[in-house]
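Architecture and fold: a report
Read off the chains here:
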Amino acid sequence: MQIAPAVMAPPRAEAPGTYPGRVGAVAGTTGLEEVVELLSVRSVVALTGAGLSTDSGIPDYRGPNSPKRSPMTYQEFVSGPVARRRYWARAHVGWRLLSDAAPNAGH
């Protein structure tokens, strides 16, 4: 598998007291104007945490009220048919939960 190199934007002069890449960093623009400009000329990827989906009914895996987890390791999965049946049975339960979820405003 090949991964394309990241395309970097050319450096630009930053207004005093701002940080490169920060919204509103271009002198004379508002944050909204810069966001609109960025979205119109580039592909954008936002990396968020798992908590973004909690408003959609998908539980947080690391929050204070999250259930104890014991994920199956690869070695356990390939150990035999009993382990694989257990894995897919647990996955089926999770898919039922996800099938009821709908995107929220954060999405």
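Residues numbered from 1 in each chain as written. Predicted model: local features only at pLDDT ≥ 70, side-chain atom pairs only at ≥ 80, totals over all residues. Heavy atoms only, no water.

1. As for the overall build of the chain
Applied cut-off: For helices the rule is a DSSP run of H or I covering at least 4 residues; for strands it is a run of E covering at least 2, with both sets numbered from the N terminus onward. We call two residues in contact when some of their heavy atoms are within 4.5 Å. Note that accessible areas follow from Shrake-Rupley with a 1.4 Å probe, and for residues the cover is restricted to the protein chains shown.
A count of helical and extended segments in the chain gives three helices and zero strands. When its helices and strands are written in sequence order, the chain yields α-α-α. By sequence separation, contacts in the chain at least 24 residues apart represent 31% of the contacts at least 6 residues apart. When the accessible area of the chain is evaluated, it comes to approximately 9300 Å², of which 62% is carbon and sulfur surface.

2. Quick look at the pattern of salt bridges
To be explicit about the condition: When a carboxyl oxygen of Asp or Glu is within 4 Å of a side-chain nitrogen of Lys or Arg, the pair counts as a salt bridge.
Scanning the model with the defined rule gives one salt bridge in all. The partner of Glu76 in a salt bridge is Arg86, and the shortest N-O contact between them spans 2.6 Å. With Glu76 in helix 2 (residues 74-77) and Arg86 in helix 3 (residues 81-99), this pair connects stretches of sequence that are 10 residues apart.

3. A few points about the environment of Leu52
Selection rule: For every residue, the accessible area obtained with a 1.4 Å probe (protein chains only) is divided by the maximum for its type, and the residue is called buried under 20%, exposed over 50%, and partly exposed between those limits.
For Leu52, the position within the fold is in the loop between helix 1 (31-41) and helix 2. Given a relative accessible area of 29%, Leu52 falls into the partly exposed group. When the C-alpha positions of Leu52 and Pro103 are compared, they lie 9.8 Å apart, and in sequence the two are 51 residues distant. With residues up to four places along the chain from it excluded, the contact list for Leu52 reads Asn104, Gly106 and His107.

4. A word on the layout of surface pockets
One simple way to see leftover space: roll a probe sized like a water molecule over the atoms. What counts here: Here the term cavity refers to a set of points on a 1 Å grid, laid over the protein atoms alone, in which a 1.4 Å probe fits but cannot get out; the term pocket refers to an open set having protein on both sides within 12 Å along at least five of seven lines, with lining residues being those that place an atom within 4 Å of a point. Grid points are joined across faces, edges and corners, and a volume is the space filled by probe spheres set on the points. Any residue outside Ala, Val, Leu, Ile, Met, Phe, Trp, Tyr, Cys, Pro, Asp, Glu, Lys and Arg is labelled polar, Gly included; the first ten of those are nonpolar and the last four are charged.
The calculated volume of the largest pocket comes to roughly 600 Å³. In this structure, the largest pocket is lined by 18 residues; those nearest its centre are Tyr61, Arg69, Arg90, Ala91 and Gly94. Split into classes, the residues belonging to the lining of the largest pocket amount to 12 nonpolar, two polar and four charged.

5. Some remarks on the confidence of the model for the chain
Spelled out, the test is: Within a predicted model, pLDDT stands for the predictor's per-residue confidence, ranging from 0 to 100.
Scored by pLDDT, the chain has a mean of 74; 70% of the residues are at 70 or more. By mean pLDDT, the top-scoring element of the chain is helix 2 (95), and the lowest-scoring one is helix 1 (77). Under a pLDDT of 50 for its full length, residues 1-8 has, in the predicted model, zero contacts with residues more than four places off or in other chains.

6. Looking at the environment of His107
Using the following cut-off: In the analysis that follows, any N or O atom pair within 3.5 Å is treated as a polar contact, provided that within protein one partner can donate a hydrogen and the other can accept it, and provided that, for residues neighboring in sequence, both atoms belong to side chains.
Summarising the element assignment, His107 is placed in the segment after helix 3. Once the C-alpha coordinates of His107 and Ser56 are considered, the two residues, 51 residues apart in sequence, prove to be 9.4 Å apart. Of the polar contacts made by the side chain of His107, one reaches the side chain of Ser53; its length is 3.1 Å.

7. Some thoughts on the packing of aromatic side chains
The relative placement of two aromatic rings is captured by the distance of their centres and the angle of their planes. Condition: Aromatic pairing here means that ring centres of Phe, Tyr or Trp (its six-membered ring) are within 6.5 Å. Orientation follows from the plane angle: under 30 degrees is stacked, over 60 is edge-to-face, and everything else is tilted.
Here the structure, examined in full by the defined rule, presents two aromatic pairs. Measuring from centroid to centroid gives 5.1 Å for Phe77 and Tyr87, while their planes differ by 80°, and the two rings are edge-to-face. Of this pair, Phe77 sits in helix 2 while Tyr87 sits in helix 3; the two residues are 10 residues apart in sequence, bridging distant segments of the chain. Note on Phe77: relative accessible area 22%, which makes it partly exposed. A centroid spacing of 4.9 Å and a plane angle of 85° characterise the contact between Tyr87 and Trp88, whose relative ring orientation is edge-to-face. Exposure remark for Trp88: the relative accessible area of 52% places this residue in the exposed category. Three or more aromatic residues joined by ring pairs make a cluster, and in this case those are Phe77, Tyr87 and Trp88.

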